[in-house]
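Geometric and topological summary
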Amino acid sequence: MKTNHLIDLNALPVKEWDKLIASALAIRENPQSYYGAAEGKILATLFFEPSTRTQMSFQTAMLRLGGRIIGFDNPSGSSVSKGENLNDTIRVVSSYSDILVMRHPLEGSSLAGAISSSCPVINAGDGGHLHPTQTLTDLVTLAAYRGRLTNLKIGLCGDLKNGRTVHSLVRALSLYAGNEFVCISTENLGLPEYLKKEAEENRARISYQSSLEEAIGELDILYMTRIQRERFSSPEEYERERTVYLLDSEKLAHAKEDLMILHPLPRVDEIEMAVDRDPRAMYFDQALCGVYARMALILYMLDSNANCMAGGFGKASETVCPNGRCITNHEKYLPKYAKQKGHALLCSYCETQLEG
Ligand code: NCD
């Protein structure tokens, strides 16, 4: 079983991220010179959940490196619709490819994929859990346009509970010195407790604000996010949250001259389109940085010396994960694994605390 999978950026030491960022910046300077670097290699993109940027930026990245792509963006056109389990799909597709990129609506699905795969797996979003390659994109964007990843005051606004891009970003940026997060959300959509704790343990400062208007003036970075409709249990609940935060020109008038507005996209109701004309709106540049970040990552993963999961899967466990959206509660054949974090025992797949 190979362990060179990218499930969580934090399984890699920060110095490796810095290498990846430097490589993405070099590619950005001179993309043509990398053509052919992945010649003869095949990248599979298995998207069990919708995507525009993540899927197409991976495909663009591989094509720009001279490699080839296979995959699906709608499992209804694959044998998944006939009832095939994740293990069988991944076993087969990984035997056809050199890297497998997967997105799936259930938490922990990428680790499940990694267990069945004979080639490296990259997590392109596992339910509301993590999205490491968006974070790599965000880090590359900050490095390219702000020139540093330290001493930043970062406002995180919107659905901090279900937004996996925010989860991965908090984890990553809290490891760089002097960063401070301002969480701007309603009470229902706050950052999960385990991430708050983790960021504080890494000595990042966290504060809370319910008003975007009041918070905006102090920020260096404003990371806007969409309210994640597909992760709500009822349409009414979603409607209550949908329009709480709107970034418009009026609010921007109170922001710093050099604020950077980021958004993983898709944007729905949370940024007025007029804001796109403001030079502080960087989200389309951010989406392009995603191609360079993924070109760097593909080259890194193809390097047989890379070892992105030195910690392995954790230890065998008997405990059923209490998270109904964890892959282990849907693909019942999966072996259970647990890992220790501080005093807590967590499900290795989705990182929910295990009872008992
Ligand atoms: C995000 C995702 O899928 O988590 N999009 C992306 O990958 N760029 C954000 C979102 O869907 O809101």
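Scroll up to find the structure.
Given the structure is predicted, the values throughout are model-derived calculations rather than measurements. (Residues numbered from 1 in each chain as written. Predicted model: local features only at pLDDT ≥ 70, side-chain atom pairs only at ≥ 80, totals over all residues. Heavy atoms only, no water.)

**Quick notes on the site of the ligand**
Looking at the ligand, the residues that line it are Thr-54, Arg-103, His-131, Gln-134, Arg-164, Thr-165, Arg-226, Gln-228, Pro-264, Leu-265 and Pro-266. Take His-131: an N or O atom from its side chain is 2.7 Å from an oxygen atom of the ligand. Between the ligand and the protein, one listed contact pairs an oxygen atom with a side-chain N or O atom of Gln-228 at 2.8 Å. In the complex, 94% of the free accessible area of the ligand, which totals 320 Å², lies under the protein chains. Here the residues of the shell around the ligand sort into 3 nonpolar, 5 polar and 3 charged. (Near = heavy atom within 4 Å. Polar contact = N/O pair within 3.5 Å; in protein donor to acceptor, adjacent residues only side chain to side chain. Areas by Shrake-Rupley, 256 points an atom, 1.4 Å probe, with all protein chains shown as cover. Nonpolar A, V, L, I, M, F, W, Y, C, P; charged D, E, K, R; others polar.)

**Brief notes about the sheet that holds strand S7 (residues 205-209)**
Strand order across the open sheet formed by 5 strands is S7-S6-S5-S8-S9, with parallel pairing between neighbours. Here the strands that pair on one side only, and so sit at the sheet edges, are S7 and strand S9 (260-262). The mean inter-strand angle of the sheet, taken between neighbouring strand axes irrespective of direction, is 20 degrees. By the bridge criterion, 5 bridges tie strand S5 (residues 153-157) to strand S6 (residues 180-184) in an arrangement that is parallel. Among the inter-strand pairings, Leu-156 is bridged to a residue of S6, identified as Cys-183. Here helix H5 (residues 132-145) sits on the sheet and contacts strand S8 (221-224) and S9; the angle it forms with S9, its principal contact strand, is near 165 degrees. (Pairing = 2+ DSSP bridges. Helix = DSSP H or I, 4+ residues; strand = E, 2+ residues; numbered from the N terminus. Axes fitted to C-alpha atoms, helices over the stretch in contact; angles between N-to-C directions. Contact = heavy atoms within 4.5 Å.)

**A look at the sheet that holds strand S4 (residues 121-126)**
Pairing is parallel in the open sheet, where 4 strands are placed in the order S2-S1-S3-S4. Sheet topology places strand S2 (68-72) and S4 at the edges, where each strand pairs with a single neighbour. Recorded for the sheet is a direction-independent mean angle of 15 degrees between the axes of neighbouring strands. In the sheet, strand S3 (residues 99-104) pairs with S4 via 4 bridges, with the strands oriented parallel. Within the sheet, the bridge partner assigned to Leu-100 lies in S4 and is Val-121. Running over the sheet, helix H2 (residues 53-64) touches strand S1 (42-47), S2, S3 and S4 and is turned about 175 degrees from S1.

Function cannot be read off these values alone, since they describe shape.
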